[in-house]
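Letter by letter, the chains look like this.
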Amino acid sequence: MVGWVVDLGDDSRSGAGYLAPVERFNQATRMTNRLILDTDGGVDDAQALMMLVAGGRAPDAITTTFGNVGRAQATRNILDTLSVLNHGIPVHEGASRPLVQPVIDAAAIHGADGLGGAPRPAAAAAPASADAVEFLRACLAEAAAQGQAVDILAIGPLTNIALVLRADPACAAGIGQLTIMGGTVNGRGNVTPAAEFNIYADPEAAEIVFSAGLDIVLVPWETCAAHFVDGPAVDDLFAGMDETDVSRFARALADHARRVTAGYGHGDIFRFVDPLAAAVVIDPAIATEMLPAAVSVALAPGLTRGMTVVDPSGRLGPKTVRVLIKADLSQVAGLFGRSLR
Ligand code: BDR
Ligand code: CA
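Reading the values: rules and limits
Residues numbered from 1 in each chain as written. Chains lettered and ligands numbered in written order. Predicted model: local features only at pLDDT ≥ 70, side-chain atom pairs only at ≥ 80, totals over all residues. Near = placed C-beta within 6 Å. Helix = DSSP H or I, 4+ residues; strand = E, 2+ residues; numbered from the N terminus. Nonpolar A, V, L, I, M, F, W, Y, C, P; charged D, E, K, R; others polar. Axes fitted to C-alpha atoms, helices over the stretch in contact; angles between N-to-C directions. Parallel < 35°, antiparallel > 145°, perpendicular 65-115°, else oblique. Left-handed = near helix turned anticlockwise from the far one by under 90°. Contact = placed C-beta atoms within 7 Å. Expected span 1.5 Å × (residues − 1). Buried ≥ 20, exposed ≤ 12 C-beta atoms within 10 Å, placed from the backbone. Arc of directions from axis to C-beta. Pairing = 2+ DSSP bridges. Right-handed = clockwise from strand over helix to strand, strands pointing away. pLDDT = per-residue confidence, 0-100.

### Side note on the site of ligand 1
1) Next: The immediate surroundings of ligand 1 are formed by 15 residues, with G42, D44, A106, F197 and D274 found nearest.
2) Next: Listing elements by their share of the shell around ligand 1, those giving two or more residues are α3 (43-54) and α8 (197-200).
3) Next: Here the residues of the shell around ligand 1 sort into seven nonpolar, four polar and four charged.

Laid out in structure tokens, this is it:
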């Protein structure tokens, strides 16, 4: 058994005192579950995939969704990333649009091609299917029927998973741990003042997922923004490295992310966003502070649409979500460094 000390953070100092002091879970059990990566194919999605492969937790399958770029480009980006890695994983193409609202994208952040112009392989691989939702449904239903569980790492809008839960709610029993990069813990968003991109891109889908009673680890935007290394530290990781297709690709992704962050006035730093969620999946002990909470999504039009309401009091319902507050940065950076060659 591995112990997680759950620091109460600001909530404990407020005297609220409603959080369990220690959480324990069986890491060995978690690590044996199959893993599906659900992704919207952006720059940090590619980096997260590279970390999973290098970190010994390569996904058994990948599902794609619209998000950072459109569905087709997201699928292309993930297939090209796998080609660069020379690693075969079945990729199933998923949702092209949100449940209710019009599609948005983040091409302004990830570049028109979603990978910041990183050099691609000449040959284009094909997806395993064009129906990620049916793939997920069948996979999770089979796992549930066999008393097994499949872990999911979701680093894009939650549309695919919501569609599965809506079509066949019993599939929830086939989901082990669902790790989500998305939302905010203190209401400080990156798309709007209140909302983070992955949730804002399909709030109705996110609400379906958060209300399904799943075992969720949430990696919110503010935690990602607070886990970064200086740009020169990234240069050091590449220093002396042989130039390969992988290292050229990784360098282009990292340089693009640094340029974008600097362009927003945050200086030359490299933030761990989707890669932070990947790191927690590779090694759960990297999480050093987690906040148990119920999470709901604001759906009303206006200022707070797409905002995650994080409730450690449990008044919104059972506290089935553990919100990542702090992770061991040097270990996260170490896993990132191993994925660059
Ligand atoms: C999230 O949105 C995307 O731009 C990133 O890939 C990440 O998943 C950050 O809000
Ligand atoms: Ca993403």
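### What to know about the packing of α3 against helix α13 (residues 274-282)
1) Next: Close contact between α3 and α13 brings their axes to 8 Å; oriented N to C, the two are set at 20°. With respect to α13, the element α3 is oriented roughly parallel. Crossing geometry of α3 relative to α13 is assigned as right-handed. Here D44, D45, Q47, A48, M51 and L52 of α3 lie close against α13, whose contacting residues are D274, P275, A277, A278, A279, V281 and I282.
2) Next: Residue composition of the contact of α3 with α13, by class: nine nonpolar, one polar and three charged.

### Description of the environment of K319
1) Next: Assignment of secondary structure puts K319 in the loop between β12 (308-311) and β13 (321-327).
2) Next: In this structure, the C-alpha to C-alpha distance between K319 and V295, residues 24 residues apart in sequence, is 7.8 Å.
3) Next: Beyond its immediate stretch of four places on either side in the chain, K319 contacts P292, A293, A294 and G314.

### Describing helix α4 (residues 71-85)
1) Next: Here α4 is 15 residues long and its end C-alpha atoms lie 21 Å apart, about the 21 Å a rise of 1.5 Å per residue gives.
2) Next: Once α4 finishes, N86 follows within two positions and takes phi at roughly 55°, a positive value.

### So, helix α12 (residues 245-263)
1) Next: When the terminal C-alpha atoms of α12 are compared, their 27 Å separation across 19 residues agrees well with the 27 Å that a helix rising 1.5 Å per residue should span.
2) Next: All of the buried residues along α12 are V246, F249, A250, L253, A254, A257 and R258. One face of α12 carries all of its buried residues, which in axial projection span an arc of 165°.
3) Next: Looking at the residues trailing α12, positive phi occurs at G265, about 85°.

### Topic: the pairing of strand β4 (residues 61-64)
1) Next: With burial as the criterion, each face of β4 is covered, one bearing A61 and T63 and the other bearing I62 and T64.
2) Next: The pairing of strand β3 (residues 34-39) with β4 spans four bridges and is parallel. Residue L37 lies in a different strand from β4, and its bridge partner there is I62.
3) Next: Read as a crossover between parallel neighbours, the route from β3 over α3 to β4 is right-handed.

### Remarks on the confidence of the model for the protein chain
1) Next: The share of residues in the protein chain with pLDDT of 70 or more is 91%, and the mean pLDDT across the chain is 91.
2) Next: Counting contacts from residues 1-30, a segment whose pLDDT is below 50, to residues more than four positions away or on other chains yields 43 contacts.

### Focus: the sheet that holds β12
1) Next: If you walk across this open sheet you meet the nine strands as β5-β4-β3-β6-β7-β8-β13-β11-β12, and the pairing is mixed. Every interior strand has two partners, whereas the edge strands, β5 (91-93) and β12, have only one. Taken pair by pair, the neighbouring strands of this sheet meet at an average axis angle of 30°, ignoring direction.
2) Next: Contacts from helix α6 (residues 132-145) reach β3, β4, β5, β6 (150-154) and β7 (175-181) within the one sheet, and its direction differs from that of β4 by about 140°.

### A look at the pairing of β3
1) Next: Most of β3 is tucked away, with five of its six residues classed as buried.
2) Next: Relative to β6, β3 runs parallel, the two sharing five bridges. Within β6, the position partnered with L37 by the bridge is L153.

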